[in-house]
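Take a look at the letters that make up each chain.
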Amino acid sequence: MNTKVKNAIISLARAEPEKEVCGFIISAPPEVLIHPCVNVSRDNDGIERTFEISPDEYISASGKGKVCGLYHSHPHGPPAFSEADLIVAKEMELPSYLYTVDSNAWMVYIPETYTVPLTGSDFTWGVADCYELIRTYYRQKLNIYLADYDRDENFRNASPDAITKHISCEGFIDLGPDISVARKHDVLLFDTPGHRFPHHLGVYMEGNRLLHHPYGTLSKIDDLDGHLLARLLGVLRYGKAPLAEAS
């Protein structure tokens, strides 16, 4: 998730802590935006304790870019989506983001029907970047849901362990920088020119090819040539369960 967008949503929710604020997240490369919407749902006392968005708001949001998410807040209660929240996300086939004000909790739900192309996407931090491509591939191809992490353009100057500190908790085992051990679905770690620490990720494909999303370009599949291999820092294999492509 884009850090600035997440913080903006949280600020809106905290500004009206007794209401359910809601809106859309829009990808307008190289930026990601929020489109706050009027909550047209009302209880008998006129207070928004559920959320409902007018179809006209979706049309308006679509005019700003690609609608890539839905957000709303819960003033109180457990940090969990309601059944109605899940139904809306499934009907709209969009990732849904929830912030619960009193518990300061952030949650994400991605419907099984939500799919995006693996190649040809513009680069946008936190929405369509190298890590999001890994998440998308593992979700759509292997039915494995990796956690999201906050990131924006400041990630280019992140600390050396910004990626590696999450590897084991996501179920990956680092096999070292020997490309000969790589097999389909493995994740490869690369440095970025000027940085000798992991700063880029890709998925190893059959035929010695790499699915990845370099900064500032479209997501794509490249041959693993000498230039890329010279930057290789690690081969990661998912170790929580055997990998098999989802049907």
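Residues numbered from 1 in each chain as written. Predicted model: local features only at pLDDT ≥ 70, side-chain atom pairs only at ≥ 80, totals over all residues. Heavy atoms only, no water.

*Asks:* Whenever I open this one, the pattern of salt bridges confuses me. Can you help?
*Replies:* Pairing is possible between side chains of opposite charge, provided their charged atoms come close. All told, the structure shown has 11 salt bridges when counted by the stated rule. The partner of aspartate 150 in a salt bridge is lysine 6, with the nearest N and O atoms 3.2 Å apart. Here aspartate 150 is found in the loop between helix H4 (130-142) and strand S6 (172-174), whereas its partner lysine 6 is found in helix H1 (residues 3-15), with 144 residues between them in sequence. Among the residues examined, aspartate 150 registers a relative accessible area of 41% and is labelled partly exposed. Looking at lysine 6, the relative accessible area reads 15%, which means it is buried. Residues aspartate 129 and arginine 151 are paired through a salt bridge, measuring 2.8 Å at the closest nitrogen-oxygen approach. On the criterion of sequence distance, the pair formed by aspartate 129 in the loop between strand S5 (105-109) and H4 and arginine 151 in the loop between H4 and S6 is long-range, its members being 22 residues apart. Like arginine 151, aspartate 129 is buried. Ionic contacts of the salt-bridge type, sharing partners, join the residues Asp129, Glu132, Arg135, Asp148 and Arg151 into one network. (Salt bridge = Lys/Arg side-chain N within 4 Å of Asp/Glu carboxyl O. Helix = DSSP H or I, 4+ residues; strand = E, 2+ residues; numbered from the N terminus. Buried < 20%, exposed > 50% of the residue type's maximum accessible area, 1.4 Å probe, protein only.)

*Asks:* What should I look at first to understand unusual backbone geometry in this one?
*Replies:* Trans is the prevailing form of peptide bonds, just as negative phi is the prevailing case for residues other than glycine. Here the residue pair proline 29 and proline 30 is connected by a cis peptide bond, since its omega of 10 degrees sits within 30 degrees of zero. When you line up the elements, proline 30 lands in the loop between strand S1 (22-28) and strand S2 (31-37). One non-glycine residue, asparagine 104, lies in positive phi territory at about 50 degrees. Looking at the element boundaries, asparagine 104 is found in the loop between strand S4 (96-100) and S5. Of note in this structure, asparagine 143 is not a glycine but carries a positive phi near 55 degrees. By the secondary structure assignment, asparagine 143 is in the loop between H4 and S6.

*Asks:* Honestly, the packing of aromatic side chains in this entry has me stumped. Any pointers?
*Replies:* For any pair of aromatic rings, geometry is given as the distance between the ring centres together with the angle between the planes. Applying the stated criterion across every chain, the model contains 11 aromatic pairs. A centroid spacing of 5.9 Å and a plane angle of 50 degrees characterise the contact between tyrosine 131 and tyrosine 149, whose relative ring orientation is tilted. Of this pair, tyrosine 131 sits in helix H4 while tyrosine 149 sits in the loop between H4 and S6, and the two are 18 residues apart along the sequence. Given a relative accessible area of 14%, tyrosine 131 falls into the buried group. Through successive ring pairs, a cluster of aromatic residues spans Tyr137, Tyr138, Phe172 and Tyr238. (Phe/Tyr/Trp six-rings, centres within 6.5 Å; stacked < 30°, edge-to-face > 60°.)

*Asks:* Explanation requested: the environment of glutamate 170 in the structure shown.
*Replies:* For glutamate 170, the location among the structural elements is in the loop between H4 and S6. Among the polar contacts made by the side chain of glutamate 170, one reaches the side chain of tyrosine 149 at a distance of 2.5 Å. (Polar contact = N/O pair within 3.5 Å; in protein donor to acceptor, adjacent residues only side chain to side chain.)

*Asks:* Explain the sheet that holds strand S3 (residues 66-74) to me, please; I cannot follow it from the model alone.
*Replies:* Backbone hydrogen bonds hold the strands of a sheet together, and the pairing may be parallel or antiparallel. Pairing is mixed in the open sheet, where 5 strands are placed in the order S2-S1-S3-S4-S5. Of all the strands in the sheet, the pair left with one neighbour each is S2 and S5. Between one strand axis and the next, the sheet turns by 25 degrees as a mean value, whatever way the strands run. Sheet topology note: the S1/S2 ladder contains 7 bridges and is antiparallel. Note on S2: the bridge partner recorded for isoleucine 25 is isoleucine 34. Against the sheet, H1 engages S1, S2, S3, S4 and S5, with an angle of about 20 degrees to S2. Strands S1, S3, S4 and S5 of the sheet are contacted by helix H3 (residues 83-92), whose axis makes an angle of about 175 degrees with S3. (Pairing = 2+ DSSP bridges. Axes fitted to C-alpha atoms, helices over the stretch in contact; angles between N-to-C directions. Contact = heavy atoms within 4.5 Å.)

*Asks:* I'm lost on the environment of glycine 120 in this one. Help?
*Replies:* Counting through the fold element by element, glycine 120 comes out in the loop between S5 and H4. Put simply, glycine 120 and serine 219 are 99 residues apart on the chain and 5.2 Å apart in space, counted from C-alpha to C-alpha. Other than its neighbours up to four places away in sequence, glycine 120 contacts Leu218 and Ser219.

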